[in-house]
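Observations on the three-dimensional arrangement
What follows is each chain in one-letter form.
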Amino acid sequence: MGEAIQSSYNESERDRLYKRTLTVVSISQLFGGAGLAAGITVGALLAEDILGTASYAGLPTALFTIGSAVTAFIVGKTSQHYGRRIGLTIGFIVGGLGALGVVLAAILQNIYLLFFFLFLYGAGTATNLQARYAGSDLANENQRGKAVSLTMVMTTFGAVLGPNLVNTMGEVASRLTIPPLAGPFLLSALAYIVAGIVLFILLRPDPFILAKQWVAEEEKQKSSAVIATNRVNNYHIVVGATVMILTQLIMVAIMTMTPVHMLHHGHTLQAIGVVIGVHIGAMYLPSLFTGVLVDRLGRYFMAIAAGVTLLLSGITAASLPEDSLFGLILALALLGLGWNFGLISGTTLIVDGTTNDNRAHIQGKVDVFIALSGATGGLLSGMVVAHSSYATLSIVGGLISFVLVPIVFWPKLAKTNS
């Protein structure tokens, strides 16, 4: 099962391989972030251009997040049996091929091909998120929040760069007689494929397989009482999953309709690229300190902080003038920050609540629901804006986010009353 690894457990070796894994995953995330962000920026605009209506502008996000859900399950299952290296490589390569397919669909102006290849493109989104788990495989309990954060930091640079290359890639596409809105997907294809190649070549030894072997060695030396404490914690899993699902739903819904909202109110593609670039930067750059806060202040504290921050984002987006570029930058920055708090605290809870015997599989299953929540947010967001307004969407998202507070306290109350 998976690649054979001959290595005895010791702390210095674990620390060395832990740092090496973080480095390799971070390099892949630099490219993965560019692939993710470039497509997100223009996906809704491309569909609106082909369909001729904004009512279904959220459908592209829904499609590639559904593709992300399917991939999350496959990558998780594959990683459980064959290790992170194989699972993540497959996911990124499929995402890259999907991005190339989106370019083909745009050239042919074929909406059905566009929908199919957006579905495949979602594989890159799922894999980009799944990679965060790889960094925590060799981390000890007090390093997990930081480990998840560090694997996400490099995503920032690619994620900020991608949207700001929208105009440049559009010009490149025009020279190649490709519709300008398809240009960013050329960048996505290249970025995802390079990310997959980096992991395939450099992620050796596989951290997940190695961690399982080391845990087996440790357990041989422990008493049965100590081993019994290393079991699945369902409270951590349920709360961690719920926090990530709700933050993903809110973030995707508001983010998806922001480019359409801005275009309808006279903002340029360059301005849209700046707003989305700041947003995605806020999604990942705070990881520099979020992981430390999660480890020091606690997983539950930061989950509540996620809900409060998302509420502030919704209020900001809804209350400031629609033509205010500064207001949109601030609102989308808060949206990204709230998502960051929720993702890292929730991810750490999932790692805390699982064991090496089921961790990758459960992580994949949780990411399925995260992706489906994103698909739901993307699909409904266009309809809400078309039949009401962007302000309504923002306020509703903010109110939903505040539900995180009772959810976080639920397991503690349930445990107290049991």
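Residues numbered from 1 in each chain as written. Predicted model: local features only at pLDDT ≥ 70, side-chain atom pairs only at ≥ 80, totals over all residues. Heavy atoms only, no water.

Side note on the overall build of the protein chain
Within the protein chain one finds 17 helices and 0 strands. Partitioning the contacts of the protein chain with sequence separation of at least 6, the portion at a separation of at least 24 is 88%. Total accessible area computed for the protein chain in this model is approximately 16,000 Å², and 67% of it derives from carbon and sulfur atoms. (Helix = DSSP H or I, 4+ residues; strand = E, 2+ residues; numbered from the N terminus. Contact = heavy atoms within 4.5 Å. Areas by Shrake-Rupley, 256 points an atom, 1.4 Å probe, with all protein chains shown as cover.)

Quick look at empty space enclosed by the protein
Evaluation of the coordinates by the stated rule reveals 4 cavities of 30 Å³ or more. Estimated volume of the second largest cavity: approximately 60 Å³. The wall of the second largest cavity is formed by Ser-68, Ala-72, Thr-125, Ala-126, Leu-129, Gln-248, Asp-367, Ile-370 and Ala-371. Secondary structure elements with two or more residues in the lining of the second largest cavity: α2 (59–82), α4 (111–134) and α15 (359–387). Within the lining of the second largest cavity, the residues separate by chemical class into 5 nonpolar, 3 polar and 1 charged. (1 Å grid on protein atoms, 1.4 Å probe; cavity = no way out; pocket = protein on both sides within 12 Å on 5 of 7 lines; lining within 4 Å. Points joined across faces, edges and corners; volume = space filled by probe spheres on them. Nonpolar A, V, L, I, M, F, W, Y, C, P; charged D, E, K, R; others polar.)

Topic: the side chain of Asp-137
Along the chain, the position of Asp-137 falls in the loop between α4 and α5 (144–164). On the accessibility criterion, Asp-137 (4% relative accessible area) is buried. (Buried < 20%, exposed > 50% of the residue type's maximum accessible area, 1.4 Å probe, protein only.)

With respect to the packing of aromatic side chains
For any pair of aromatic rings, the description rests on two quantities: the centre-to-centre distance and the angle between the ring planes. Per the counting criterion, the structure on display carries 4 aromatic pairs. Plain terms: the ring middles of Tyr-121 and Phe-185 are 5.2 Å apart, the flat faces sit at 70° to each other, and that makes the pair edge-to-face. Residue Tyr-121 is found in helix α4, and its partner Phe-185 is found in helix α7 (residues 183–202); the two are separated by 64 residues along the sequence. Measuring from ring centre to ring centre gives 5.7 Å for Tyr-121 and Tyr-192, while their planes differ by 45°; the resulting arrangement is tilted. Of this pair, Tyr-121 sits in helix α4 while Tyr-192 sits in helix α7, and the two are 71 residues apart along the sequence. The exposure class of Tyr-192 is buried, given its relative accessible area of 0%. Members of the aromatic cluster, connected to one another through ring pairs, are Phe-92, Tyr-121, Phe-185 and Tyr-192. (Phe/Tyr/Trp six-rings, centres within 6.5 Å; stacked < 30°, edge-to-face > 60°.)

Some points on the packing of α4 against helix α14 (residues 325–353)
Two numbers describe a pair of packed helices, the interaxial angle and the distance between the axes. Relative to each other, α4 and α14 sit at 50°, their axes nearing to 11 Å. If you check the angle between α4 and α14, you find them oblique. Relative to α14, α4 is oriented so that their crossing is right-handed. For the pair α4 and α14, contact is made by Leu-129, Arg-132 and Tyr-133 and by Trp-339, Leu-343, Thr-347 and Val-351, respectively. Class assignment for the residues of the contact of α4 with α14 results in 5 nonpolar, 1 polar and 1 charged. (Axes fitted to C-alpha atoms, helices over the stretch in contact; angles between N-to-C directions. Parallel < 35°, antiparallel > 145°, perpendicular 65-115°, else oblique. Left-handed = near helix turned anticlockwise from the far one by under 90°.)

Describing the pattern of salt bridges
As enumerated under the stated definition, the model contains 4 salt bridges in all. In this structure, Asp-15 engages Lys-19 in a salt bridge whose closest nitrogen and oxygen atoms are separated by 3.3 Å. With Asp-15 and Lys-19 both in helix α1 (residues 11–51), this residue pair falls 4 residues apart, about one helical turn. One salt bridge in this structure joins Asp-295 and Arg-299, with 3.1 Å as the shortest N-O distance. Under the relative-accessibility criterion, Arg-299 is labelled buried at 12%. The network of salt bridges with shared partners includes Asp-295, Arg-299 and Asp-352. (Salt bridge = Lys/Arg side-chain N within 4 Å of Asp/Glu carboxyl O.)

A short note on the confidence of the model for the protein chain
Here the protein chain shows a mean pLDDT of 82. Residues at 70 or above account for 87%. Here residues 224–229 is modelled with pLDDT under 50, and outside its nearest four sequence neighbours on either side it reaches 2 contacts, counting other chains as well. (pLDDT = per-residue confidence, 0-100.)

Things to note about the environment of Lys-212
Along the chain, Lys-212 turns up in helix α8 (residues 207–220). Along the primary structure Lys-212 and Thr-355 are separated by 143 residues, whereas in three dimensions their C-alpha atoms are 9.0 Å apart.

Regarding unusual backbone geometry
Looking along the chain, the bond that leaves Arg-204 and enters Pro-205 is cis, with omega of -5°. Within the secondary structure, Pro-205 is located in the loop between α7 and α8. Look at Gln-109: it is not a glycine, yet its phi comes out positive at around 55°. With respect to the secondary-structure elements, Gln-109 resides in the loop between α3 (84–108) and α4.

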